[in-house]
Amino acid sequence: KHGVHLAEIGPGGYFGELAFISRDVRSATVSARGPVRCFVMSRLDLHELLQDDAVLGNKLLWNFLENLGSSVKRLSLENADLKKIMQQAEPTEPTG
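Conventions used here
- Residues numbered from 1 in each chain as written.
- Predicted model: local features only at pLDDT ≥ 70, side-chain atom pairs only at ≥ 80, totals over all residues.
- Heavy atoms only, no water.
- Helix = DSSP H or I, 4+ residues; strand = E, 2+ residues; numbered from the N terminus.
- 1 Å grid on protein atoms, 1.4 Å probe; cavity = no way out; pocket = protein on both sides within 12 Å on 5 of 7 lines; lining within 4 Å.
- Points joined across faces, edges and corners; volume = space filled by probe spheres on them.
- Nonpolar A, V, L, I, M, F, W, Y, C, P; charged D, E, K, R; others polar.
- Patch = residues over 30% accessible without salt bridge, like charges linked within 9 Å, V, L, I, M, F, W, Y side chains within 5 Å.
- Areas by Shrake-Rupley, 256 points an atom, 1.4 Å probe, with all protein chains shown as cover.
- Salt bridge = Lys/Arg side-chain N within 4 Å of Asp/Glu carboxyl O.
- Lys, Arg positive; Asp, Glu negative; His and termini not counted.
- Charge placed at Lys NZ, Arg CZ, Asp CG, Glu CD.
- Buried < 20%, exposed > 50% of the residue type's maximum accessible area, 1.4 Å probe, protein only.
- Phe/Tyr/Trp six-rings, centres within 6.5 Å; stacked < 30°, edge-to-face > 60°.
- Contact = heavy atoms within 4.5 Å.

K.L.:
It is not clear to me how the environment of S31 should be interpreted in this structure. Could you clarify?
P.N.:
Looking at where S31 falls in the secondary structure, it is placed in the loop between α1 (17-22) and α2 (43-52). When the C-alpha positions of S31 and L82 are compared, they lie 26 Å apart, and in sequence the two are 51 residues distant.

Right, dumping it as structure tokens:
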């Protein structure tokens with residue numbers, strides 16, 4: 001978003017799970033560097049999958065949760081690093 005590179009997604013990867021789960025609008029734009037084949041799944045598709053194949057649906061949901069957990073951890077670490085940089089950049093008052 002805003003021209004900032006956030007992540008790279010390799011073969012078999014996915015995106016959009018946050019908006020999918022939270023019913024919110026997307027938080028980023030995805031661009032491909034080459035040919036891509038995408039599978040699109042709606043919330044209704046997920047609900048139908050959970051009814052038709054609960055095991056597969058639950059695996060998908062757990063995968064979403066693991067991915068979101070990893071993203072939260074990575075962003076928390078990046079946020080902590082940025083806070084340190086900002087604190088170091090703040091002017092200090094002369095002592096004495």
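Back to the text.
K.L.:
Just to check I follow, could you spell out the layout of surface pockets for this structure?
P.N.:
In this approach a probe as big as a water molecule rolls over the atoms, and the regions it shows empty are the leftover space. Within this model, the largest pocket holds a volume of roughly 2,100 Å³. Every residue lining the largest pocket is counted, 46 residues in all, and those nearest its centre are I9, Y14, F15, G16 and V30. Broken down by secondary-structure element, the contributors of at least two residues to the lining of the largest pocket are α1, α2 and α3 (54-89). Here the lining of the largest pocket takes nine residues from α3, the largest share from any one element. Among the residues forming the lining of the largest pocket, the class breakdown is 25 nonpolar, 12 polar and nine charged.

K.L.:
In this structure, what is going on with a negative patch on the surface? I would like to understand it.
P.N.:
Together, D45, E48, D52 and D53 line one region of the surface with negative charge. Among the secondary structure elements, E48 is positioned in helix α2.

K.L.:
I would appreciate a short explanation of a nonpolar patch on the surface in the present structure.
P.N.:
A cluster of nonpolar side chains, namely I9, F15 and V30, defines an oily patch on the protein surface of about 290 Å² accessible area. Given a relative accessible area of 46%, I9 falls into the partly exposed group.

K.L.:
How do you make sense of the pattern of salt bridges when you look at a structure like this?
P.N.:
Pairs may arise between side chains of opposite charge once their charged atoms sit close together. The full count for this structure, using the stated rule, is two salt bridges. Note that R33 and E8 form a salt bridge whose closest N and O atoms lie 3.4 Å from each other. One end of the pair, R33, is in the loop between α1 and α2; the other, E8, is in the segment before α1, with 25 residues separating them in the sequence. Accessibility expressed as a relative area gives 75% for R33, which makes it exposed. When its relative accessible area of 58% is taken as the criterion, E8 is described as exposed. The partner of R74 in a salt bridge is E78, and the shortest N-O contact between them spans 3.3 Å. Remark: E78 and R74 occur in helix α3; sequence separation between them is four residues, near one turn of the helix.

K.L.:
Help me understand the packing of aromatic side chains, please; the structure alone is not making it clear to me.
P.N.:
Given two aromatic rings, their pairing is described by the distance between the two centres and the angle made by the two planes. Going through the model one piece at a time under the given rule, you end up with one aromatic pair. Note on Y14 and F64: the rings are 5.4 Å apart at their centroids and 55° apart in plane angle, and the pair reads as tilted. Taken together, the residues Y14 in the segment before α1 and F64 in helix α3 connect sequence positions 50 residues apart. Residue class for Y14 comes out partly exposed when judged on its relative accessible area of 25%. Relative accessible area serves as the criterion here: at 7%, F64 is assigned to the buried category.

K.L.:
Please clarify how the side chain of E17 should be interpreted in this entry.
P.N.:
Examined against the element boundaries, E17 turns out to sit in helix α1. The buried charged residue E17 lacks any salt bridge, with R74 as its nearest oppositely charged partner at 8.4 Å. Setting aside chain neighbours within four positions, we find E17 in contact with F64, N67 and L68.

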